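Next come the chains, spelled out residue by residue.
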Amino acid sequence: MGKRHILLLLIFTVLLTFFTDLSMQKIADIKYPMENLSDHWEVFYNDDKIGDTDFFGLKEALDFPVYAQDTITLRTILPDLGELTLPALFYRNRYCAFELYIDGALYQSYEMETYNNHTFIGRNNYLISLPQDYAGRTIDLKLYPANIHTNRISDQGQRGQKSLHKANYYVFHHPSRFTLGNYQDLEQSFVHKYYNELVCGSTLKFLGIVFLLISIFFSILVKPMPDHILTSILFILLGIAAHSYYGITFIFGDGTHDTFMVNLAIYLSLPVALALARLLHKPKHVTAYIVAEIVALLYSVIRILLHMTNVLYLNELFFLTFIPIAMIMGSIINGYVTEVKTKKITDYKRMQYAGIFFSLILLIIAYAFTELRFQQIFPNTPLTERISIELLADGILFFEVANIITYLAIISDSLNQNSEYDILTRVAFEDSLTKLPNRALIRKKLSELESGSNNYCIISLDVNGLKRINDTYGHDSGDRLLSNFGKILDEVFHRDGISGRIGGDEFIVLIKSTTVQRIHELFQTLDQKLQEFSDHDEDEWEYHASYGYAFRTECMDDHSTYLLADQRMYERKKEMKARGRK
Amino acid sequence: MKGNNIKQAVFIVATVLISLGLVFLAGLLITSPIDTRNDYQYVNMSESWYTFDSFDPSISMRIFHNVTSDDYMNLDKNGTYTIYSTIPEYEPAKEAPCLFLKGQSCGIQIYIDSDDSNYNNSENELIYEANMDLYKKDAMIPRSIHFIALPPDSQGKQIAIVFHSGKDNTGIVTKDIRYGRIDELARLYAQSKRYVIILGEFMLAFGVILILLPIVMQRKQDIVRNLFQGLLLLDLGIYVSCFNDIFVYIFPNDTFSITTEFLTLLAIPLLIHATMISGESQNRFIFNKIFLGLDILILIVISILHFTNVLPINEAGTIIHLYIGLCGLYTVFRIIYVDVIKLKQIGSDRYGNIADRVINIGLSIMIVLFYIELILWKAGLTSFSYKTTDIRGVCLMFGGVIFIGCIILSYFFHTVATMRKDDISEKLQGLAYTDELTGLSNRAFCDRILEEYQLEQKDAIVISLDLDGLKVINDTCSHQAGDQYICGFSDILKDAFANAPLVGRMGGDEFIVLLSGLDILRCEGALSNLARTIDQHNADHTPCYAYSYGYATTKENSGSGYQIHQTYMLADQRMYRMKEEHHKQMHDREVE
């Protein structure tokens, strides 16, 4: 899972969002005509007419600072789109309270209470149903720009001197900000347009919650996993951002707090991402990083408090957030480069780095692209709008899939590791020549027997003539002798106990709960087998072994039992030699 | 030790599942105040309806009957049901009034009566008609929701809604009939479906990601397993969306929605079985595969019946449920037996094994929940409503969440298993490559190092050493004494060549030392150091160490290229020569 895969994942992300978008366009079923209100707008400032323009001229016409309590009214005539069963107007509002008048009479008002309380009004979408006989009627959209800091209004009620940032209330980025059509068509086209964000947001929110729960449990019960906890928090925050950025919430709930939520998510995700970047690469001077994180956290908390007390809103001075973003990027790059140099980088790590890094890059590109569209440096068309929406979804989706693929890879690699683990276990506990248990395993089994309550028997065996064969025919032949002997042992004793090789020519058998009689039977079988091998051996070698046994009950501990068996084996060896010479 | 690990794992699984359940329920009940509206403006018309029961021919009057929201009218195919009410006076909806209605698989006709006191249908104006073409063609009528625009001047007038049922067992209630402006009604409805929208999208998207990621990342080993898990989730996501009538937000076609709903429902047992079989613990059972075959067969048969219009899929409900009931029972028992009861027989890799079984446990919980869902459905408790949340198929959604939780849980178990394996693996590597008796590198490791050097063709000096006299000690004393002899020598050897890249025991009484570079002087220096230390030791202790050695450099026999094994053999030969010398010397001494 190397660099190539990161590229593949990026391409996959872009293609997936593109494909989803395309599919939504294809399966759309708009039953009635729909039209953007772009033709003719009259503009009023505080009830004085100041202009007459089409949609694209609105930006210029409204390019002046406004003060608290000012109003801007936009008037147009609704076109006749034929019979609409449930006519409605879609309107995307920015930082204003507003009233809708039809033919001069007040029809609906929105956010007026918030406006009068001088609290924050964000961006929101509205689907306003119109009377059935809508055609040809005049609508007035009376905007009350909000978020003007009124802290400088004097006691005499003079206007506050501070004016709104120009881009705030009136930048209608595209004529689709005012759309007339049938209610369900408008609803459907909105959902289809932002479907990528809807799905990404839902997935991230829920996945984040489940993941967070499980990470916390594992951190408490098994081993602390702070990077997983932080990743799941980031998931949740990104999910909130995905739903709230374009104001999708209004479709199934109350979207008035969307702007606050998306800014909250962004501000809070900065210290979290900083901490995650640090945990990934474990730098030497941890203190400096932690200080940076605490500072970022404090900054975010302070900004949130300032917002809630209406001193400074979260969307103001937004460019300052690029400082922590740059720090995150710096941390990631530093960590990646260091780990590549010291060759500590694993495939998973690389993917996790890439997740944060490229997701940030995509989000920054999305933001930049949107800003350039707003400033009319890029053309502002439905196509570029789609690109903006997709870029944002790409940034969010990439973080999600990069982490998910890391998890999937860990699962499957762990499953594959099982076989490697088995091999390693074999190597550690198996004598490579005879494939019998080696000294380490025998030691383990012996201690198990010792801790049990049953009697057991240790047989110590020695292969006779190994050195002679080694010296005469070479080591390979000696190996063959040993290997065959191991086979014989296993055949004879495998049903009763466990055989092992604990030294050059030393073998051992451990048998639990047996009788002397049985031991003698086994010895007989062993002798038989040895004879068989000797008879059929291709080089006409003689297989001889000396053996001695001892029961646990005969001695004080397991070691003495082994020594006793060993001793008896030597006695027998001497006996056999003596007999042999005769 | 064993018991503890398993207990811990079970505890973790149980706690997590319970917590997931609580979170799920909390999500249902406690809607977040930030994005929940509670001030929708509409009129609830669930209690405002009346109807006339089918009249008794002996009486010339029809029987007036007030319909309450609890009343449930069951219609057979081609049955008709008419309910009447008065359109309320409601200021907010005056200019753009709208009625919200859930039409159960029925053709619907709505009339406005201009005359207040006339209960007769004949002078009514038909203002809305839906699904009547399907009804007349006797085709399947999907479930759908209706937003009906009413004429602006209709307040106070009589309204009549006529339901024409297209199939048997159609249930009609007035519980969800509402009146107001469409924006309020539509947003209220969408908010009631919010939870399902998020959860449904989640399962759908996660399923798609699970399927596609291994393919994109070319991880062949993951493709099959993730394919079925992903398909199951995708299927569940689509089913839950369809069942809750929100699939139309994606595909605005009601017939497509209901067909998809039943097909995805049918596919659930199929995918559960496929997921089970793709895992390891259930792989070998024949019955699982038989059921898989059965699932596919039934899916094909019912699809054919539907698309040839013999048996529309929404009437095949009972058959589907019966079948799912039967095979689900078997599956649950099978999973409980293999994955739960036999949990004790887990091998040494406990956490990794538990991880795989957790997914199956998740599957069986889902099946159990599905049963509960069926039972509730039969008892008429199809939907769960609390405040502005309205969900159908809660149990199945809960099951989906549990399943996803299990997938993620299994990831964590695998992570823990990997961490432990890494720890143990390090220890095992030590064990695997260390000679148990002496602590030197063992033969396996020596071979590995030699291979490495051969590959990289590094300059080296190979020293081969052999302990003399081991046989004597083994024969006269005991094995234990022999072991001590070897150990003692190894320790001295280790010290003498402390910085060498390799000091190993090749077997029995043979040792090898590898020095990097070609510095013969340094080598000889070290060997004389060794000799001195041995002599010192022999002066004070018994038994006395006697050894032979020989060394060679990789440059020596490099006529035909770098061959470190030849170098070793050369060293070995020289060692044997020295050994022979020692024998001769001893023999000569004996003779003397």
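Keep in mind that what you see is a predicted model, and the values were worked out from it rather than measured. (Residues numbered from 1 in each chain as written. Chains lettered and ligands numbered in written order. Predicted model: local features only at pLDDT ≥ 70, side-chain atom pairs only at ≥ 80, totals over all residues. Heavy atoms only, no water.)

Moving on to the interface of chain A and chain B. At the junction of the two partners, chain A supplies 94 residues and chain B supplies 91 residues. Across the interface of chain A and chain B, roughly 8,600 Å² is buried in total on both sides, 68% from carbon and sulfur atoms. The interface formed by chain A and chain B includes ten residue pairs in polar contact (both at pLDDT 80 or more). Looking at the side of chain A that touches chain B element by element, the count peaks at 22 residues for helix 11 (residues 382-429) of chain A. (Contact = heavy atoms within 4.5 Å. Buried area = accessible area lost by both parts, 1.4 Å probe. Polar contact = N/O pair within 3.5 Å; in protein donor to acceptor, adjacent residues only side chain to side chain. Helix = DSSP H or I, 4+ residues; strand = E, 2+ residues; numbered from the N terminus.)

All names here are of chain A. Taking burial as the measure, the eight residues of strand 14 (residues 544-551) include seven buried ones, the bulk of the element. Relative to strand 14, strand 11 (residues 456-464) runs antiparallel, the two being bridged by eight bridges. Paired with Ile458 across the strands is Ala550, a residue of strand 14. (Buried < 20%, exposed > 50% of the residue type's maximum accessible area, 1.4 Å probe, protein only. Pairing = 2+ DSSP bridges.)

Below, the discussion takes up unusual backbone geometry. Peptide bonds are mostly trans, and most non-glycine residues show a negative phi. Residue and element names in this part refer to chain A. For Asp103, which is not a glycine, the phi torsion comes out positive at approximately 55°. Within the element layout of this structure, Asp103 appears in the loop between strand 6 (96-102) and strand 7 (105-110). What makes Asp103 partly exposed here is its relative accessible area of 43%. Here the phi dihedral of Ser513 falls at roughly 45°; this positive angle occurs in a residue that is not glycine. On the basis of relative accessibility, which here comes to 48%, the residue Ser513 falls in the partly exposed class.

So, on to a nonpolar patch on the surface. A contiguous nonpolar patch, built from Ile286, Phe287, Ile290, Leu294, Leu297 and Val301 of chain B and spanning about 560 Å² of accessible area, is present on the exposed surface. With respect to the helices and strands, the residue Val301 of chain B is situated in helix 7 (residues 286-307). (Patch = residues over 30% accessible without salt bridge, like charges linked within 9 Å, V, L, I, M, F, W, Y side chains within 5 Å. Areas by Shrake-Rupley, 256 points an atom, 1.4 Å probe, with all protein chains shown as cover. Salt bridge = Lys/Arg side-chain N within 4 Å of Asp/Glu carboxyl O.)

This brings us to the side chain of Thr434 of chain A. Considering the arrangement of structural elements, one finds Thr434 of chain A in the loop between helix 11 and helix 12 (439-451). With relative accessibility at 10%, the residue Thr434 of chain A sits in the buried group.

Before going further, it helps to spend a moment on helix 4 (residues 194-216) of chain B. Structurally, the α-helix is built with 3.6 residues per turn, so residues lying three or four positions apart point the same way. Between its terminal C-alpha atoms helix 4 of chain B stretches 32 Å, which fits the 33 Å expected from 23 residues at 1.5 Å a residue. At the exit of helix 4 of chain B stands Gln218 of chain B, carrying a positive phi of roughly 55°. (Expected span 1.5 Å × (residues − 1).)

It is worth spelling out the nonpolar core at this point. Leu9 of chain A together with Phe147, Leu199, Leu213, Leu409 and Phe413 of chain B are the most contacted members of the largest nonpolar core, which totals 162 residues. The biggest single contributor to this core is helix 4 of chain B, with 15 residues. (Core = buried A, V, L, I, M, F, W, Y, C linked by side-chain atoms within 4.5 Å.)

Here we take up the confidence of the model for chain A. Averaged over every residue, the pLDDT of chain A is 85; the share at 70 or more is 92%. Contacts from residues 151-157 of chain A, a stretch scored under 50 in pLDDT, to residues over four places away or in other chains number seven contacts. (pLDDT = per-residue confidence, 0-100.)

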